[in-house]
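Each chain, letter by letter, is given below.
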Amino acid sequence: MTGAGRDVHDAHRKPVTAARLYDYYLGGIHNFPADREVGKALLERTPRLRTIARDNRAFLARAIRYLTSVGVHQFLDVGSGIPTEGNVHEIAQAAVPDARVVYVDIDPDAVSESLELLEGNQFATAIRANVREPRAVLDHPRVRNLLDFDKPIAVLMVAVLHFVEDSDEVCDILATFRSALASGSHLVVAHATIDELVVDERAWEKTQKDYRRQTSTALVPRSRSDVARFFDGFEMVEPGLVWLNTWRPEPDMVDEFRDKPEHSGFYVGVGRLS
Ligand code: SAM
């Protein structure tokens, strides 16, 4: 894919969004000039953002492959983003052709692009909803139609919970999801952190401010213990809560953060509900 972008739309008036910024980092085509302008500025300050975005997608793919291998065939992908290479339904349905996937995002463009891609796929759909309203997600008719809550479901919270500012609220959100899930269900989390990084406080504050101002979305990195709390009620799958590229790495994997895994700035983990 190229970064040529969708300038054909009257894009200048579109607000910058977290979904399109992420698409820009991934080299996708679903971003507008304003997204690229903000994206470039953030990249100048943190050039490794592109690698982190790609490695985050690779973690997601490894987690899906693991989950299908242990018999999880249903996925609720919250904060799913704009479709890109290696989407959850593609990976899951490559292993299990009738694996079911519901994509959930607050961003209307992410949802409409997903629905377009999923046309004709009877086992996958997308809905627009806010992770902060978990009941609205769980009770959504398309979620209820496609997913069987009596069987294991993997709830994917990949690179989304750091957009919810309050940690107690995140715990409440996850408790609501957990209470709706059958035994054998899983929770997958990837979360930004600045643990063990030497961060220029002022530059970081500026990044956060820019993020909030430009995308009206908070970006809240959390400590390892804060993220670990999100797995309350779940048993951690080996190797536990770890740096991005160290979760079940695959043999041919290129890892730019091998010597300094903390530079990935992401904790990831998978928990199982017994
Ligand atoms: N999960 C995908 C991945 O890891 O590749 C996409 C991650 S992208 C960084 C974050 C996504 O979360 C964006 O598409 C954004 O629109 C979505 N998002 C942010 N806040 C949200 C909220 N309150 N509810 C639902 N989605 C949200």
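Each remark here, short or long, concerns the structure printed above.
These figures come from a predicted structure and were not determined experimentally.

**Notes on helix 2 (residues 33-45)**
So, point 1. Under the 1.5 Å per step criterion, the end-to-end length of helix 2 is 19 Å for 13 residues, consistent within 8% with the ideal 18 Å.
So, point 2. Looking at helix 2, one finds that the buried residues are Pro33, Ala34, Asp35, Arg36, Val38, Gly39, Leu42 and Leu43.
So, point 3. Buried positions along helix 2 lie against helix 1 (18-25), helix 3 (49-69) and helix 9 (201-215).

**Comments concerning the side chain of His186**
So, point 1. Assignment of secondary structure puts His186 in strand 5 (residues 186-192).
So, point 2. We classify His186 as buried; its relative accessible area is 2%.
So, point 3. In this structure the side chain of His186 is engaged in a polar contact, spanning 3.0 Å, whose partner is the backbone oxygen of Gly184.

**Remarks on the packing of helix 1 against helix 2**
So, point 1. Close contact between helix 1 and helix 2 brings their axes to 9 Å; oriented N to C, the two are set at 65 degrees. Regarding helix 1 and helix 2, the two cross each other, and that crossing is right-handed. Across the interface between the two elements, Arg20, Leu21, Tyr24 and Tyr25 of helix 1 pack against Asp35, Arg36, Val38, Gly39, Lys40, Leu42 and Leu43 of helix 2.
So, point 2. Along the lines of polarity and charge, the residues of the contact of helix 1 with helix 2 split into six nonpolar, one polar and four charged.

**What to know about the side chain of Thr68**
So, point 1. By the element assignment, Thr68 lies in helix 3.
So, point 2. Taking relative accessible area as the criterion, Thr68 reaches 11% and is therefore assigned buried.

**Quick look at the layout of surface pockets**
Empty space among the atoms becomes visible once a probe the size of a water molecule is rolled across them.
So, point 1. For the second largest pocket, the calculated volume is near 220 Å³.
So, point 2. Along the wall of the second largest pocket there are eleven residues; nearest its centre are Leu26, Arg57, Thr84, Glu85 and Gly86.
So, point 3. If you tally residues by element for the lining of the second largest pocket, the top one is helix 3, at four residues.
So, point 4. Tallied by class, the residues present in the lining of the second largest pocket amount to five nonpolar, three polar and three charged.

**With respect to the environment of Val96**
So, point 1. Here Val96 is to be found in the loop between helix 4 (88-95) and strand 2 (100-105).
So, point 2. Sequence-wise, Val96 and Ser69 are 27 residues apart; in three dimensions their C-alpha atoms are separated by 9.4 Å.
So, point 3. Residues in contact with Val96, not counting those within four places in the same chain, are Thr68 and His73.

**Here's the deal with the pattern of salt bridges**
So, point 1. The final tally for this structure, using the stated rule, is seven salt bridges.
So, point 2. Between Asp35 and Arg20 there is a salt bridge, with its nearest N and O atoms 2.8 Å apart. Within this pair, whereas Asp35 is found in helix 2, its partner Arg20 is found in helix 1, the two being separated by 15 residues in sequence.
So, point 3. Since its relative accessible area comes to 1%, Asp35 is described here as buried.
So, point 4. Owing to a relative accessible area of 2%, Arg20 belongs among the buried residues under this scheme.
So, point 5. Close ionic contact of Asp148 with Lys151 constitutes a salt bridge, the shortest N to O distance being 3.8 Å.
So, point 6. Classification of Lys151 as partly exposed rests on a relative accessible area of 49%.

The rules we used
- Within any chain, residue numbers begin from 1 and follow the written order of that chain's sequence.
- Where local features are concerned, this predicted model is filtered to residues with pLDDT of at least 70; where side-chain atom pairs are given and counted, the filter is 80 or more; whole-chain, interface and lining totals use all residues.
- The side-chain figures draw on all heavy atoms in the structure; neither hydrogens nor water molecules are used.
- Runs of E in the DSSP output that reach at least two residues are strands. Runs of H or I that reach at least four are helices, and both are numbered from the N terminus.
- Helices are assigned an expected span. That span is 1.5 Å times one less than the residue count.
- Using a 1.4 Å probe on the protein chains alone, a residue whose accessible area is under 20% of its type maximum counts as buried, one over 50% counts as exposed, and one in between counts as partly exposed.
- We call two residues in contact when some of their heavy atoms are within 4.5 Å.
- Side-chain atoms alone can form a polar contact between residues adjacent in sequence; in general such a contact is a pair of N or O atoms within 3.5 Å, and within protein one must be able to donate a hydrogen while the other accepts it.
- All axes here are fitted lines through C-alpha atoms, helices being fitted over the stretch that makes contact, and every angle between N-to-C directions spans 0 to 180 degrees.
- Crossing chirality is assigned from the near helix's rotation relative to the far helix, an anticlockwise turn below a right angle marking it left-handed and a clockwise turn marking it right-handed.
- Only Asp, Glu, Lys and Arg are considered charged, only Ala, Val, Leu, Ile, Met, Phe, Trp, Tyr, Cys and Pro nonpolar, and every remaining residue, Gly among them, polar.
- A 1.4 Å probe that fits into a set of points on a 1 Å grid over the protein atoms alone but cannot get out defines a cavity; an open set with protein on both sides within 12 Å along at least five of seven lines defines a pocket, and lining residues are those with an atom within 4 Å of a point.
- Grid points are joined across faces, edges and corners, and a volume is the space filled by probe spheres set on the points.
- Any Lys or Arg side-chain nitrogen found within 4 Å of a carboxyl oxygen on Asp or Glu counts as a salt bridge.

Keep in mind these numbers describe shape, not what the thing actually does.
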